[in-house]
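# Topology and contacts: notes
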Amino acid sequence: MTKTRIWLSSPHMGGTEQLYVKEAFDSNWVAPLGPNVNFFENSLESYLNNNVHAAALSSGTGAIHLGLQLLGVGKGDEVLCQSFTFSASANPINYLGATPVFIDSESKTWNISPELLEKAILDRISNGKKPKAIVAVHLYGMPYQIEEIQEISKKYGIPVIEDSAEALGSEYKEMKCGQFGEIGIFSFNGNKIITTSGGGALLTKNESIKQKAVHLATQARDKAPHYQHSKIGYNYRMSNVLAGIGRGQMEVIDDRVAARRFNFDYYLKNLSGIAGIEFLEEPEGFYSNRWLTCILTDSFDKRESIRLALDQEDIESRPLWKPMHLQPVFASCLHFSDGTSEDLFNRGLCLPSGSNMEQEDLERVVSIIKKVALA
Ligand SMILES: *Cc1c(COP(=O)(O)O)cnc(C)c1O
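Keep in mind that this is a model prediction, so the values were computed, not measured. (Residues numbered from 1 in each chain as written. Predicted model: local features only at pLDDT ≥ 70, side-chain atom pairs only at ≥ 80, totals over all residues. Heavy atoms only, no water.)

## A closer look at the domain arrangement of the protein
When cut into domains, the protein gives domain 1 (17-250) and domain 2 (253-373). Distance from the C-alpha centre of domain 1 to the C-alpha centre of domain 2: 25 Å. Taken together, the contact between domain 1 and domain 2 spans 46 residues of the former and 37 residues of the latter. Taken over both partners, the interface formed by domain 1 and domain 2 buries close to 3,700 Å², and the fraction arising from carbon and sulfur atoms is 68%. Linking domain 1 to domain 2 there are zero salt bridges. Here domain 1 and domain 2 share 21 residue pairs in polar contact (both at pLDDT 80 or more) between them. The dominant element in the side of domain 1 that touches domain 2, judged by the number of residues it contributes, is helix α5 (residues 114-126), at five residues. Residues that form the side of domain 1 that touches domain 2 fall into these classes: 22 nonpolar, 14 polar and ten charged. (Domains from an automatic or database assignment. Contact = heavy atoms within 4.5 Å. Buried area = accessible area lost by both parts, 1.4 Å probe. Salt bridge = Lys/Arg side-chain N within 4 Å of Asp/Glu carboxyl O. Polar contact = N/O pair within 3.5 Å; in protein donor to acceptor, adjacent residues only side chain to side chain. Helix = DSSP H or I, 4+ residues; strand = E, 2+ residues; numbered from the N terminus. Nonpolar A, V, L, I, M, F, W, Y, C, P; charged D, E, K, R; others polar.)

## What to know about the sheet that holds strand β10 (residues 277-278)
Strand order in this open sheet of four strands is β10-β12-β15-β13, and the pairing throughout is antiparallel. Sheet topology places β10 and β13 (318-319) at the edges, where each strand pairs with a single neighbour. For β13 and strand β15 (residues 348-351), the ladder comprises two bridges, and the chain directions are antiparallel. Across the sheet, Arg318 pairs through a bridge with Cys350, a residue of β15. (Pairing = 2+ DSSP bridges.)

If you want it as structure tokens, here you go:
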């Protein structure tokens, strides 16, 4: 019997997506605007209790790029950025001619450390380089320490970009992620908790910021019968066809979060007794969508032997994100680190976590991990 490959996180359609895509075709709204874009934005807004305005964009990366620009980041500026993340959190800082300063994680949520963040701010201020913004990330769906980061942001007057690319459906004190920063962002890339095949959104409490984001995302065209531009714009708006997929996906978001959390609970229940395997628990008040279930092993070698054993059985797993301050491309950037994220990178592994996994898939993964870990 041949077994099918188990993916880390693959797209999972709900059923109505094709209907909305067909609507776009039938009405010939095969364009970067149209009714699906409005419906999709409205569904995101109501999911966040209408606490924010959403602008649907072509990617999460583009949303961060626009967000930084709207916060005034420009050439020669410094931006504080969580080091333990995907490169897309940091790349847009460079697009704007600014430089990232990387901040290590704490071990409670694996996200940006409030202590190191404040240390970095004081250091940069004393060097006459007050940072322009903070990019904080809810990695793997676990919210960062919202209150501590907000407090530092307020104390020094430095706004936060809340990178919620992996955290649609996560909550802090029963408030959904995406509404805690000056500007929040989501990603709907193919491997995220819901997908539009590729896409993103910018979130803001301030309606005029949304309007500015949409303006920049549509080539910054001025109001005039001809094409007139007073600013450099981008082509970052989400297409009406893809927004149709998003519209359908938002109808099943609660199921998707429940399924990801079910996977986590299954792994926890079946692996937590084993020496040398740990999980990141939710601190009080934190609710993770458990986008990816991660385990922390007791050594690099153990992590690698589990990863390779899974790979042999055609099961995809992946080391945790390699911190940005260890990336060749960012080698020259300043960083404030204490080894936390480097250690997580060395010992951690993301397990298959798709919302479309079957019970037997979970059993296959667990049995292989057990075999290696107990050997
Ligand atoms: C996926 C991701 C992004 C980028 O989103 P795209 O839609 O792929 O551009 C940004 N930050 C984090 C943490 C991500 O995981």
